[in-house]
Amino acid sequence: MNQNQIIKWLRKNLFDTWYNSILTIVCVFLLVWGAKSIFSWILFIAQWKVIAVNLQLFLVGRYPEQMYWRLWVSIFIILGLTSVTIGSLVKKIPNRWLPLAWAISFSVILWLIGGGLGLQAADSNLWNGLLLTLVMAVTSIVISFPLGVLLALGRQSKLFVVRNFCILYIEIVRGLPLIGILFIAQVMLPLVLPDDITLDRVLRGIAGLTLFSAAYLAENVRGGLQSIPRGQFEAGKAIGLNSIYIMLLIILPQALRAVIPALVGQFIGLFKDTSLLSIVGLLELTGISRSILAQPEFLNRYAEVYLFVGLLYWVFCYSMSLVSQRLEKV
Amino acid sequence: MTHFWRNRKFLSIAAQLISVFTVAIVVFILWDNLTYNLELLGIGFGFDFLQSQASFDIGETLIPYNPTDSYYRALLVGLLNSLRVSIIGIILATIVGAVVGIARLSTNWLVRNLALVYVEVLRNTPLLLQLFFWYFAVFISLPKLENQISFFGLINLNNKGTQLPFGLEISSELSALILGLTLYAGAFIAEIIRGGIQSVARGQWEAARALGLKPGLIMRLVILPQALRVIIPPLTSQYLNIAKNSSLAIAVGYPDIYFVASTTFNQTGKAVEVMLLIMITYLTISLTISLTMNTLNRSFQLKER
Amino acid sequence: MLNRKWYLLFAILAVMLSMSACSRRLRGGNTTTISRLDTIKSRGKLVCGVSGQLPGFSFVKANGEYAGLDVDVCRAIAAAIFDDPKKVEYRNLNAKERFTAVQTGEVDILSRNTTWTFSRDTSTGMEFAPVIFYDGQGIMVRKNSNIKNLEDLKGKSVCTQTGTTNEQNLADQMRQRGISYKPIVFEDVNTVFTTYEQGRCEAITSDRSQLVSRRTTLSKPNEHTVLDLLISKEPLAPAVKNGDTKWFDVVKWTINSLINAEELGVNSQNVNQLTNSSNPEIKRLLGTEGDLGKAAGLSNDFVKRIIIHVGNYSEVYDRNLGKNSELKLERGKNKLWNQGGILFAPPFR
C-alpha cells in the first residue's frame, strides 16, 4: 500500500468528521497510555512464577502423573475427529459414520480418564483444573441434549399432564440462578435419593448443570421446532410414516440445524458456567486457581492468576463462537 | 378390526394415564425418601424457624437490622440488597450497552474496534472470574484510607470502598459486584442493541433523510421505535440474567438474598424450606421483570390491521 | 364387556403401582438394623470427612498424604477395626456441606474441627463423640494496628467465615458490649484469610487453634498476633449420624482409649512390653484380660492396635499441634484432668 492509500484510509476511517477526529485522538492517547502501563506491568511488575510452577495443577490438577498417557491419547482422538469433521463440513461431503464415531469416542475418552473396566481407576477427586472443566462441560451438554429435546417435544405435546409438567419444569429452572440449582443439587439430591445411591460431588455438579442446561436447550429447540412449516409434518403423514418416524427423520434434523447457532451459544454459556462449581467446592479451573492463590508463596498474585485463567476460558469460548459463526454460513 | 395398538383414541388415553402414573409414582417415591430421611435426622418441616432469632450480623443493610431480629428480617435485608444490586445493574448496564452498541456502529475504525474488543473479551470469560478479578485484583488491592486515590476530591477510592459525591459510600464488595455485573451484561446488551439498529432497513434512513428530518429526529421517530421492537425480547432475557447473576454476590462477600438464605440453611439445617424460599424469591423477581418488559414490548408491537 | 386392550392397560398400571412399593417405607425398616460398623467392615475402609485445608488438624502434605489431629482420629478408628491405619478414604468437605455429608451417609464420620453445640446435636441429625480438642474463639490482628481488646474493634471490619459458630458468637459478644462493627463474611475459608491479609479487614475471628495454624501460612506471620481474649467455648469433637449406637460406641471408645492410654502411661514405644504388665487396668485396656473389645464389635486388642499404629493422645497432640509440630500450641486445657487440664475419659471396665 503506498502512502496515498494509507492517507486515504486514515481520512475515511479515523478522521472523516470533526468529532471523529477528536474521538480518534482521545482513543489513541488512551490506547498508548493503557498499552504502556499494561505492557510494563506484564513484563516488569507481575510475577509469573505462580503460573509456571502450578501449570500442572491448572491444567489437570492432581491427576496421577503415570496416567498422563491417557490424556494424550484422548487429545489425539479429539484432534483427529475434529479435523475429519471440519474436512467433511468444508468439502460438504457428509460422512454418516461421524456422529457414531463421536459418540463412541466420548465413551472411550471417559473410560480412559476415569479408569475402571480393566484400567486402573483414577478417583474423580483427582480430576481438577481444566481437565475437570472440560469433562463436566462436555458430559453435561451430551446428557442435557437429549433431555432438552424431549422437554421441547413434551412441551408441544397434546397430553395435558406431559405438556404442563414440561412447561413447569422449564419455567422454574429458567427462573432460578444456576447457583440456586447447584445448591438444590448439592443439598437436596442426597435427601431424596434412597440410601444406597450416593452421588459424589462431581456427579452432583454434573446433575445440576445438566438439569439447568436442559431447560434452556428445550427453549432453543422449541424455537427451531416452531420454525418448521406444518407442511413438512403433513407430507410425512402423506407418505405413510407414523409420528415418531416423522419426528426423528424429518422434523428434528431440520429444527436442530436451524438453531445450531443458539445451541453453540448455549454450550459456550455452559462452559463458562462450570466456573460456578467452584462455589460448591469442586476444584475445576476457577476452583483450583483459588486454591493455588491460597498457597503461602503466591498469596497476592490475583491479577496474574485470574488473567491467565481468563485467557484459557477466552481461548475456548472465542474458538467456539468462531465455529458457530462459520456454521451459520454453512 | 384394528389392533389395539393402532387405535389412536386408545393410545392417546393409554399414554396419558401411563404418563400421569409415572410422574405420580416418581414424585411419590422421591417425596417418601425425603420425608423418611428428614424424620430420621430429626429435622421437621415448617416455617416457624423464621420467627426465631437470627443471631448473625449482616454487613450492609438498607433497613435497620441487628442480630436479635428474626430470620425473616434477615432474609428481608438480603432481598432488599439483591433488589438494589439488580436495579442499579440493569440501569447502568443498559447505559453502557447502549454506548458500546452505538460505538460498534461508528464510522470511526478505532472506536468500532475498541468496542469490538470490549464485547468479545467480556462475553467469552466467565462472570464469576470477572467478579473475582474486580474484587481481589482491583478493589481490595487499592491503597488504604490514608493513601487513597482521589479524583478532584469528589470520588475517592480506597481498599474499603468507593466514596462518591453527595455522601454516597459504596463498599468494595458492592462496588466490585456492580462493576462486574454492569460491564458483563453491558457487553451482551451492546450486541443486542447493535443487532436491533442494524435490523432496521437502510431504506428507512434514506427515506427519513429524503423527508428532510435531522439525524436526531430520525433516530427518535423512525429508527428507534423499529429497532426497539427487535431489541426488547432479548433485552428482557439479559435483564433476567442480571437479576439472576446478582446471586454471585456470595463470592465477593456481599449479603444478598441467596447469601442470607444460605447462612440460614447453615444454621438451621432446614434444606427444603430454604430451597423453597430461594425459589419463590427468584421466580417472583423473574416474573416481575418479564411482565414489565412484556407490557413494554406490547406497546411497541406492530399494530396489524 | 371391555375390549382386551383395556384389561392390558389396567394390568400395566397395576404393575406400576406395585413398583412404587420399592419405596422404603413400604419395604419396612430392615435397613436400619444394619449398623454402619458392619458396612465399614465389609467395605474394607473407613470414609472420613475432613477439611483438608487446616494445618495441624487435617491437611494434605506435599506427598499427597493426609496428616493432622482429625486425620489421626480416623486413622485410630481404622487401626481399631482393620489393624491398618491406612484403610481410610478422606473426603474434603467445606463448612456448608459437612453436615449433609454425615446425614446422608456419604461419610462415616465427620472429623473436621467441628464445634459441639446444643443445636447441632439436636437439630442436624448428628451425635457428637468425646471432645478431642478444647478450643475457644479468638481474634487475630496486625501487631501495628494497636487493637488490644474487643472495644478497640469499634467501627472496624472483621473478616469471618459463614456456616460456623464464629459469626454468631462474635455478633453476640459485640451486641452485649454495644460495639458496632462491620462483618465481612465469606463462604470459603481461604478467601477469609486472604482478604484479611490484603488489609480489607482489621481483624479476623475464628477458633484460636485455626488462627494460630493459619498464621503460619500468611506471607509475614510475625506481623500478626492472636489476641489473648476468648470470645466463646469451642469444644471440637468428631460426629456421626444419629441412630447408630453400635458405630457411635466404637468412635466414642476409640477416643476414650487414646486418653486413657496416656493416663496409664501406655505409648507406642512401650505398648508391646506393657501387654504383659501386672497392672489390671492396663491389662483390660490392652485386651489381655476381659472381653471389652468384643462387646463393642471389635477385637479385644483394639486399643493395642490403636496405640501401635497411631500412639496415645499426647503423641498424637505433640505430632500435630505440639512440640513436634510447627505450630507449637500449648496443651493448655487439653492436658489430662490430673495434670491441670480437663481431658477425662471414663474407665475401661
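Just above sits the structure.
Residues numbered from 1 in each chain as written. Chains lettered and ligands numbered in written order. Predicted model: local features only at pLDDT ≥ 70, side-chain atom pairs only at ≥ 80, totals over all residues. Heavy atoms only, no water.

A word on the interface of chain C and chain B
Okay, so step 1: Taken together, the 42 residues of chain C in the interface contact 53 residues of chain B.
Okay, so step 2: Here chain C meets chain B over a buried area of about 4200 Å², counting both sides, of which 60% is carbon and sulfur.
Okay, so step 3: The interface formed by chain C and chain B contains two salt bridges.
Okay, so step 4: The residue Glu202(C) makes a salt bridge to Lys160(B) at a minimum N-O spacing of 3.3 Å.
Okay, so step 5: Where chain C touches chain B, the interface holds 10 residue pairs in polar contact (both at pLDDT 80 or more).
Okay, so step 6: Looking at the side of chain C that touches chain B, the elements with two or more residues in it are helix 1 (4-19), helix 2 (24-27), helix 5 (98-103), helix 6 (118-123), helix 7 (165-177), strand 10 (182-186) and helix 8 (189-198) of chain C.
Okay, so step 7: Looking at the side of chain C that touches chain B element by element, the count peaks at eight residues for helix 1 of chain C.
Okay, so step 8: Within the side of chain C that touches chain B, the residues separate by chemical class into 13 nonpolar, 18 polar and 11 charged. (Contact = heavy atoms within 4.5 Å. Buried area = accessible area lost by both parts, 1.4 Å probe. Salt bridge = Lys/Arg side-chain N within 4 Å of Asp/Glu carboxyl O. Polar contact = N/O pair within 3.5 Å; in protein donor to acceptor, adjacent residues only side chain to side chain. Helix = DSSP H or I, 4+ residues; strand = E, 2+ residues; numbered from the N terminus. Nonpolar A, V, L, I, M, F, W, Y, C, P; charged D, E, K, R; others polar.)

Considerations on the sheet that holds strand 4 (residues 66-67) of chain C
Residues and elements named next belong to chain C.
Okay, so step 1: In spatial order, the strands read 2-3-4; together these three strands make up an open sheet with antiparallel pairing. Every interior strand has two partners, whereas the edge strands, strand 2 (53-54) and strand 4, have only one.
Okay, so step 2: Of the strand pairs in this sheet, strand 3 (residues 58-60) and strand 4 are connected by two bridges, and their pairing is antiparallel. Within strand 4, the residue paired with Val 60 across the bridge is Tyr 66. (Pairing = 2+ DSSP bridges.)

Overview of the environment of Ala137(A)
Residues and elements named next belong to chain A.
Okay, so step 1: Within the secondary structure, Ala 137 sits in helix 6 (residues 129-156).
Okay, so step 2: Residue class for Ala 137 comes out buried when judged on its relative accessible area of 0%.
Okay, so step 3: Ignoring sequence-local partners within four residues, the contact set of Ala 137 consists of Phe 267, Leu 270, Phe 271 and Thr 274. (Buried < 20%, exposed > 50% of the residue type's maximum accessible area, 1.4 Å probe, protein only.)

Section: unusual backbone geometry
Leave glycine aside and you will find that most residues have negative phi; peptide bonds, for their part, are mostly trans.
Residues and elements named next belong to chain C.
Okay, so step 1: Backbone geometry places Asn 146, a non-glycine residue, at a positive phi of 60°.
Okay, so step 2: Looking at the secondary structure, you find Asn 146 in the loop between strand 8 (133-142) and strand 9 (157-161).
Okay, so step 3: Classification of Asn 146 by relative accessible area gives exposed; the value is 58%.
Okay, so step 4: The phi angle at Lys 328 is positive, at roughly 50°, despite the residue not being glycine.

Observations concerning the interface of chain A and chain B
Okay, so step 1: The interface of chain A with chain B comprises 53 residues on the first partner and 48 residues on the second.
Okay, so step 2: Buried surface at the junction of chain A and chain B, both sides included, amounts to about 4400 Å², of which 75% is carbon and sulfur.
Okay, so step 3: Considering only the surface of chain A that becomes buried against chain B, Phe183(A), Leu191(A) and Tyr306(A) emerge as the three largest contributors, covering 15% of it.
Okay, so step 4: Taken together, chain A and chain B are joined by zero salt bridges.
Okay, so step 5: For the interface between chain A and chain B, the tally reads 10 residue pairs in polar contact (both at pLDDT 80 or more).
Okay, so step 6: Among the elements of the structure, helix 1 (3-13), helix 2 (18-45), helix 7 (160-175), helix 8 (178-192), helix 12 (260-273), helix 13 (285-293) and helix 14 (302-329) of chain A are those that each provide at least two residues to the side of chain A that touches chain B.

Digging into the packing of helix 2 (residues 71-103) of chain B against helix 8 (residues 257-268) of chain B
Residue and element names in this part refer to chain B.
Okay, so step 1: At their nearest, the axes of helix 2 and helix 8 sit 7 Å apart, and the two run at 155° to each other. What the angle tells us is that helix 2 and helix 8 run roughly antiparallel. Counted together, Tyr 71, Ala 74, Leu 75, Gly 78, Leu 79 and Ser 82 of helix 2 and Ile 257, Val 260, Ala 261, Thr 264, Gln 267 and Thr 268 of helix 8 form the full contact between these two elements.
Okay, so step 2: A breakdown of the residues in the contact of helix 2 with helix 8 according to their chemical character gives seven nonpolar, five polar and no charged. (Axes fitted to C-alpha atoms, helices over the stretch in contact; angles between N-to-C directions. Parallel < 35°, antiparallel > 145°, perpendicular 65-115°, else oblique.)

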